[in-house]
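Structural overview
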Amino acid sequence: MYYGRYYGLMPPRVLILRTAGTNCDAELAHAFRLAGAEPVTLHLNTLIADPGKLEDFDLIGFPGGFSYGDDIAAGRILANRLKHHLYDALLAAVDRGVPMIGICNGFQVLVKLGLLPDPHGDTPENPGGPSGGGQQVATLADNTSGRFIDRWVDVSVPDETRCVWTRGDDAVLPDHSLPIAHGEGRFIADDAVLDRLENNGQVALRYTEDVNGSARNIAGVCDPTGLVFGLMPHPERFVTATQHPAWTSMGEGFLNETTPGLRYFHNAVAAVRARQNDVATV
Amino acid sequence: MTALSTPVGAETARVRRIEVWPKHDTHDAHGRKATAAAQTTCPGVRRIRAAQVFLISATLDDDQVRRVGEELLADSIAQHAVPGAGATDEGAGPVITIEVHPQPGVMDPVAESTAAALRDMFPELSGDELTVRTGHRYDFHHDGTLTADAARAFAQAHLGNPVIESFYVEPYVPENFAAGQHYELDLRHIPVRELDDAGLQRLSREAHLFLSLEEMRTIRDHFRGLDREPTDIELETLAQTWSEHCVHKTLKSTVTYKPSAEEPSDEAPDDPLRIFRDKPGHEIDDDGPNPSVTIHNLLKSTVAAATFTLRDRSAEEDGKGDWLVSVFDDNAGVVKLDDIHGVAIKVETHNHPSAIEPYGGAATGIGGCIRDIIGTGLAAKPIANTDTFAVAPPTTEYSEIPNSVLPPRRILEQVVAGVRDYGNRMGIPTVNGTVLFHDDYVANPLVFAGCVGLIPLDKCFGEVKPGDRIIALGGRTGRDGIHGATFSSAELTDTHADEFGHAVQIGNAITEKQTLDVILAARDHEDGTLFSAITDCGAGGFSSAIGEMGEKVGADVNLDAAPLKYDGLNYAEVWISEAQERMVLAVPAENLEKLRAICAAEDVELSDLGTFGHHDDQGTPTLRLNFRGTVVGELPMPLLHDGIPMPTRQATWSPTPAGHAPALDGLDLGDTLLKLLAHPNIASKHWVVRQYDHEVQGGSVVKPLVGPLQLGPSDAAVIRPKLDSNVGVALSNGVCPWLSEKIPGGDSYQATLHAIDEAVRNSVCVGADPNRIAILDNFCWPSCDDPQAMGTLVRAAESCYDGALAYGTPFVSGKDSLHNQFTTEDGRLIAIPPTLLVTALGIVPDVRRAQTMDAKRSGNALLIIGTTRAALGGSHLAAVLDQPGGPIPTVDLDAGPRNARSVWALHQADALASAHDCSEGGVLVAAAEMAFSGDIGLDLDLTNLPADGDVNLPARCFAESPSRYLIEVPGAMLDKAVRVLRDAGTPFAQIGTFADHDRFTARTAERGRLFDLQLAVLRDTWRRPLDW
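Quantities reported herein were computed from a predicted structural model and do not represent experimental measurements. (Residues numbered from 1 in each chain as written. Chains lettered and ligands numbered in written order. Predicted model: local features only at pLDDT ≥ 70, side-chain atom pairs only at ≥ 80, totals over all residues. Heavy atoms only, no water.)

Another aspect to go through is the overall build of chain A. Looking only at helices and strands, chain A has seven helices and eleven strands in total. Seen through its C-alpha atoms, chain A measures out along the principal axes to roughly 50 × 45 × 35 Å. Within chain A, the proportion of its 282 residues that are buried is 65%. For chain A, the proportion of contacts with a sequence separation of at least 24, taken over those separated by at least 6, is 75%. Summed over its atoms, the accessible surface of chain A is roughly 9,300 Å², and 48% of this surface lies on carbon and sulfur atoms. Here chain A carries 22 positive and 34 negative side-chain charges, and the mean point of each set is 4 Å from the other. (Helix = DSSP H or I, 4+ residues; strand = E, 2+ residues; numbered from the N terminus. Buried < 20%, exposed > 50% of the residue type's maximum accessible area, 1.4 Å probe, protein only. Contact = heavy atoms within 4.5 Å. Areas by Shrake-Rupley, 256 points an atom, 1.4 Å probe, with all protein chains shown as cover. Lys, Arg positive; Asp, Glu negative; His and termini not counted. Charge placed at Lys NZ, Arg CZ, Asp CG, Glu CD.)

Shown next as structure tokens:
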């Protein structure tokens, strides 16, 4: 730890966690870099050998891909490995206020690990949470079409969301488009869980239409603090205007706009900065 | 081994079975898919429910088995685990259970991952005591009429493939897994020295060597000279190295071409040797009455000669001759992207494996091509894939499908799934490709798989040094894929699925991704690149990889050092196995520990197979193969690499009469347009495209489907390989098998020029600089055994030379597959049309100036560039009318390149709002696609369409004359565009105006209104045929 970070002089440090089959790590690192953070990509094995390394970071990204081939089910094996080796260290990071994002496969991992939507498993039905935390209460199942799909979809951010990634300083992000690319993106959970997520501001992103059969068109959720965020669409694939499928018909000005995808990362970096300033002024 | 946590009554290792079922039918996506397939093909089925089956051989107690089911295998929200064989739900009526399990030895990635996860859960389990296999269970709920045989037959056709999977009509509950037998060294010599010609030919066929008589004689004579018989591994090594697949002996042979003796006809040029004159490596003999030409090394004198001529020309003209970094030498061609990086590109075919097992064949096809990119120079990073498939129309009647051949729809679904699962898992965007349909691909589907890589310019060359260790990385070696190289060099028959099932394999993309991660870390190591050369294990396995790498220095190989998937492989099997996901590196001994450390960190297996650098007593570089301390093979490298006899081949060609142009009086133009839009070659391929991740890595600029509705058929893809730079790469293709000798008047020379022209057009439309386009050839030919067939190949090769020079587009790499015909049970021969796929890679200097094909704004003008001609031979108009088309269109080698450069000039002048290639279906199809993709109305007026001579209205609408473009120009830019085109002397005309309505209308001054069609109708007609 060095003091410069507390005064906002140093860029926030981001851990990008990768393992066998992770394949969206480079573009996720690029997105964070564009947002003013400094990404470091580490292999899961490195962290299992030294979980204390997690303390070096201000943000954590769980990138997309096919961890361990998505064999058995999407994200299942990585979630199990994290549960067995790193759950305590990740929970400590949540409690330290480290914003985390799980995109696509990263989202699948966070949900199956139980870090989303309730890291402490602390629910009204289960006060205090299960010992050790990490209880899966939702899942991402096969798309109703039964096949992988890559296309852009329209999404909207619920006004009441707590998510620091989709709600900026003053207002939630306006409706926008993002690409999806997944075969297992259908968010499902019991109605009680879904009601709780909605009532507690934990729905962070919704599709504006049915794209994969997700309950209540949920595209992304956050934890009760709003810091830990998972979503199936890929904001890191829309950090430059030319990534949009119809950018050639959007006019010259569009090329210079800050894209909605990039704003997710700006928001999280800003949240880290704000907290650092709070710490510095105490 | 440490004791398990619950030692009381601890179980001994036996197979434990766990089923994973969806909790609700709504979560049963696989069951629903199976049910949908059964609706049309399996009467009596009401519903199919699907479960995953895990068979785990390990010492686990009941509680541990329960935990495995609940914590690892089943999703607690959507699924539940059932230990053992679950009872069927009889309350719901009669049920038949069918199970599908991979045969032993077939790659099962899920099983491997599950085993690794079990070790993570139970560290006490050692690797030897843990084996996992997986399968699928399908419960067929039916109305009482379904029989077990019918259910099994349906499963074999739709739920699996008997070539690689076993089918059971009850839950499969093995007691234990049969283990491989330990192999005792048994060195086998094969007597050849005393064999006569018949004996040699018999040996070649029976041992699956597929060598010619002359090649067999050369081998026999070599061993006569050594006074010993060859060992089996020596024969296998020669067969692999000399296979058509590895050495391209047909394309590299010397050919004597004699035009047919017939009198020149209207279709034949007056000088039948015109296309051979003034070319390097060509000797013309037209002194006598029977003129001929002898071409020394066909490939070198045509495809490669054009590239080297262009390189010299470019060096003289613009001082940029160094744009071509590496051509024809390596696993892929490399051109410069910018001053720091190059782009490598390779396109391969994987036809025969895909015919027999389309899913595995296509997956390992793209997997192998990706490894070619990784194995280029000192390793390139794969950044994009391209895939083109050729199959029979999905509407083909079952009665038309020969015995042992899979239905075309099943083939297409499975090859798409194979490419999808491999490319998506590797994290490489599949950005470009197409699907071709023709009846004669029915038994020989074509699978072209291509990959593009990014490579630092200072890592483009490697060189093996004597003393380097021979290091294998990645997957283990098994009995899979044995004889793949020789299999691909043979002609398919109806017994091949049985004989060559073992040549077919399933890939494991994650193993390849891990291996890639290791290799890039080793390439970019802080102490410098840790290896001095790299190549992939493709066809021929270690045999060709180590044989090629050691060509100059020799190699001494310990085959027992290769890690095996299971016991029992003999030394020859280890050597020629084509098990996937393996790379071979030459590593200086001092770097080995650093490489080991990277491998350990990434969970990748490394094995040290011996030493590069080995010579015989005479100092000849030699390949020596050892197994458990015994030399099992010893071959001089010069015999392997230069010893193959290259007989002179005979070629001839005679034009066939083209016949008359079709009668088109009274043709309903609007109705014909709709028919063309629904033709599968033209119809939307979104069903394929949407299954591929075409955006991973974040470099997507022009997607396969473009426009505000995300459905416009893009001419080419553009990607930005470096996220911090705006330099881009365009990727496109051209292929016109319908102009080949399959039709009267067809000519592979013209078909090839059309393919080059189309590939260039596609790249230029999206904004590639035509002076920076590299192209690749993929020859897929029915056969080259007789002079007629060879003649078509020669003409295509000559066309490559002429086309590359005219367009200034050097070939940088290529591949061939020359045995794509099929003999049915009753002796009928089905030959594919000669198919030459041209892939183009163009540099887009600034991606922010790239352009798409969707119409942008009402009021903009629609212009056509290029001349329309009357020829309709091979056109899709002729196809939908089921009429002969007459003469085929020809490419004007002055106009084609000029038109391309004019479009580029318009790009540079920012005069284009959209640009679209005018190809299959002609002007109306291209114009309709622009309008409905942009959702902007279009009023077309064909009165002034530039035409050559008297071209009737249907031909103006639908002819597929080459070198034409449709461009959209904003009103404010029209004067500028006109000036650019006039200055270039390019024929052009405004043929329409985009309009603020929802229709596509057309008229001529003479005929008035031709049709008025809703954009929505056009769009739906085009999207529906392949909307699976």
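The next point concerns the overall build of chain B. Across its full length, chain B holds 30 helices and 41 strands. Taking 31 Å as the expected radius of gyration for a compact globule of 1028 residues, we find that chain B reaches 30 Å, a close match to that expectation. Along the longest, intermediate and shortest principal axes, the C-alpha atoms of chain B span 95 × 80 × 60 Å. Of the roughly 35,900 Å² of accessible surface on chain B, 47% is carried by carbon and sulfur atoms. Placing the 87 positive and 146 negative side-chain charges of chain B at their respective mean positions leaves the two points 4 Å apart. (Rg over C-alpha atoms; globule rule 2.2 N^0.38 Å.)

With that out of the way, let us pick up the interface of chain A and chain B. Counting residues at the interface gives 53 residues for chain A, matched by 64 residues for chain B. Buried surface at the junction of chain A and chain B, both sides included, amounts to about 4,700 Å², of which 49% is carbon and sulfur. Our enumeration of links across chain A and chain B arrives at six salt bridges. Residue B:D693 is joined to A:R237 by a salt bridge in which the shortest nitrogen-to-oxygen separation is 2.9 Å. Our count for the chain A to chain B interface comes out at 31 residue pairs in polar contact (both at pLDDT 80 or more). Contributing elements (two or more residues each) for the side of chain A that touches chain B: α1 (25-34), α3 (76-85), β5 (138-141), β6 (149-156), β7 (176-182) and β8 (186-189) of chain A. Ranked by the residues each element gives to the side of chain A that touches chain B, the list is headed by α3(A), at six residues. Its residues assigned to classes, the side of chain A that touches chain B shows 19 nonpolar, 22 polar and twelve charged. (Buried area = accessible area lost by both parts, 1.4 Å probe. Salt bridge = Lys/Arg side-chain N within 4 Å of Asp/Glu carboxyl O. Polar contact = N/O pair within 3.5 Å; in protein donor to acceptor, adjacent residues only side chain to side chain. Nonpolar A, V, L, I, M, F, W, Y, C, P; charged D, E, K, R; others polar.)

Moving on, we come to the pattern of salt bridges. Residues and elements named next belong to chain B. A full pass over the atoms with the stated rule returns 70 salt bridges over all chains. Salt-bridge contacts for D322 lead to K336; the nearest nitrogen and oxygen are separated by 3.4 Å. In this pair, D322 is assigned in the loop between α10 (303-318) and β10 (324-326) and K336 in strand β11 (residues 333-336), connecting sequence segments 14 residues apart. Judged by relative accessible area, D322 falls into the partly exposed class, the value being 45%.

This brings us to the sheet that holds β10(B). Residue and element names in this part refer to chain B. If you trace the six strands from one edge of the open sheet to the other, you get β10-β11-β12-β15-β13-β14, paired in mixed fashion. Two strands close off the open sheet at either side, each with one partner strand: β10 and β14 (430-437). On average, adjacent strands in this sheet sit at an angle of 20 degrees to one another, irrespective of strand direction. Pairing geometry for β10 and β11, over two bridges, is antiparallel. Considered in β11, the bridge of L324 is made with V335. The sheet strands contacting helix α12 (residues 358-374) are β12 (341-349), β13 (381-391) and β15 (446-456), and the helix crosses β15 at an angle near 25 degrees. (Pairing = 2+ DSSP bridges. Axes fitted to C-alpha atoms, helices over the stretch in contact; angles between N-to-C directions.)

Turning to helix α4 (residues 148-158) of chain B, a few remarks are in order. Residues and elements named next belong to chain B. Where α4 is concerned, the buried positions are A151, F154 and A155. Buried positions in α4, seen along its axis, are confined to an arc of 100 degrees and lie on one side of it. Against the buried residues of α4 lie α1 (29-41), β2 (45-58), β4 (95-102), β5 (131-142) and β6 (165-168). (Arc of directions from axis to C-beta.)

All names here are of chain B. Inspection of the entire model under this criterion finds eight cavities of 30 Å³ or more. Reported here for the largest cavity is a volume of approximately 720 Å³. Around the largest cavity, the lining is made up of 41 residues, and of these G433, T434, K685, P713 and S714 lie nearest the centre. Secondary-structure elements contributing two or more residues to the lining of the largest cavity are β13, β14, α22 (686-689), β29 (728-734), α23 (748-766), β36 (914-917) and α27 (922-934). Top element by residues in the lining of the largest cavity is β14. It accounts for seven residues. Looking at the second largest cavity, it is lined by 16 residues, and the ones nearest its centre are C736, H754, R761, S919 and E960. (1 Å grid on protein atoms, 1.4 Å probe; cavity = no way out; pocket = protein on both sides within 12 Å on 5 of 7 lines; lining within 4 Å. Points joined across faces, edges and corners; volume = space filled by probe spheres on them.)

What follows is about the packing of aromatic side chains. In total, this model carries 18 aromatic pairs over all chains according to the counting rule given. On the basis of an interplanar angle of 15 degrees and a centroid distance of 4.3 Å, the ring pair of B:Y168 and B:Y172 is categorised as stacked. By relative accessible area, B:Y168 is classed as partly exposed at 25%. Cluster of aromatic residues (ring-pair linked, three or more members): A:F32, A:W165, A:F229, A:Y264 and A:F265. Across the ring face of B:F177, the terminal group of B:R133 is positioned such that the distance to the ring centre comes to 4.1 Å. Of note, B:R795 hangs over the ring of B:W653, and the distance from its end group to the ring centre comes to 3.7 Å. (Phe/Tyr/Trp six-rings, centres within 6.5 Å; stacked < 30°, edge-to-face > 60°. Lys NZ or Arg CZ within 6 Å of the ring centre and 35° of its normal.)

Before going further, it helps to spend a moment on the packing of helix α13 (residues 408-426) of chain B against helix α16 (residues 509-523) of chain B. All names here are of chain B. Taken N-terminus to C-terminus, the directions of α13 and α16 make an angle of 30 degrees; their axes are 9 Å apart at the nearest point. Taken together, the axes of α13 and α16 are roughly parallel relative to one another. Crossing of α13 over α16 shows right-handed handedness. Of α16, the residues touching α13 (which contributes D421, Y422, R425 and M426) are A509, I510, E512, K513 and L516. Looking at the contact of α13 with α16, its residues break down into five nonpolar, no polar and four charged. (Parallel < 35°, antiparallel > 145°, perpendicular 65-115°, else oblique. Left-handed = near helix turned anticlockwise from the far one by under 90°.)

Attention now moves to unusual backbone geometry. Geometrically, the link from A:L116 to A:P117 is a cis peptide bond, its omega value of 0 degrees lying close to zero. The topology assignment puts A:P117 in the loop between α5 (105-113) and β5. A positive phi angle, near 75 degrees, is found at B:S404, a position not held by glycine. For B:S404, the position within the fold is in the loop between β13 and α13. Phi is positive for B:D935, which is not a glycine, with a value near 55 degrees. By the element assignment, B:D935 lies in the loop between α27 and β37 (937-941).

Residue and element names in this part refer to chain A. The nine strands lie next to each other as β2-β1-β3-β4-β11-β10-β9-β6-β7, forming an open sheet whose pairing is mixed. Unpaired on one side and paired on the other, β2 (38-43) and β7 mark the two borders of the sheet. The mean inter-strand angle of the sheet, taken between neighbouring strand axes irrespective of direction, is 25 degrees. Examined bridge by bridge, strand β9 (residues 203-207) and strand β10 (residues 218-222) share three bridges and lie antiparallel to one another. Paired with V203 across the strands is V221, a residue of β10.

Membership of the largest hydrophobic core comes to 126 residues, with the highest contact counts inside it found for A:F32, A:L82, A:W165 and B:I56. Those residues in contact with A:F32 that sit more than four places away from it in its chain are A:V14, A:I16, A:A37, A:L59, A:I101, A:W165 and A:F265. In terms of nonpolar packing, the next biggest core, distinct from the first, is built from 63 residues, B:L836, B:A861, B:L912 and B:F988 among them. (Core = buried A, V, L, I, M, F, W, Y, C linked by side-chain atoms within 4.5 Å.)

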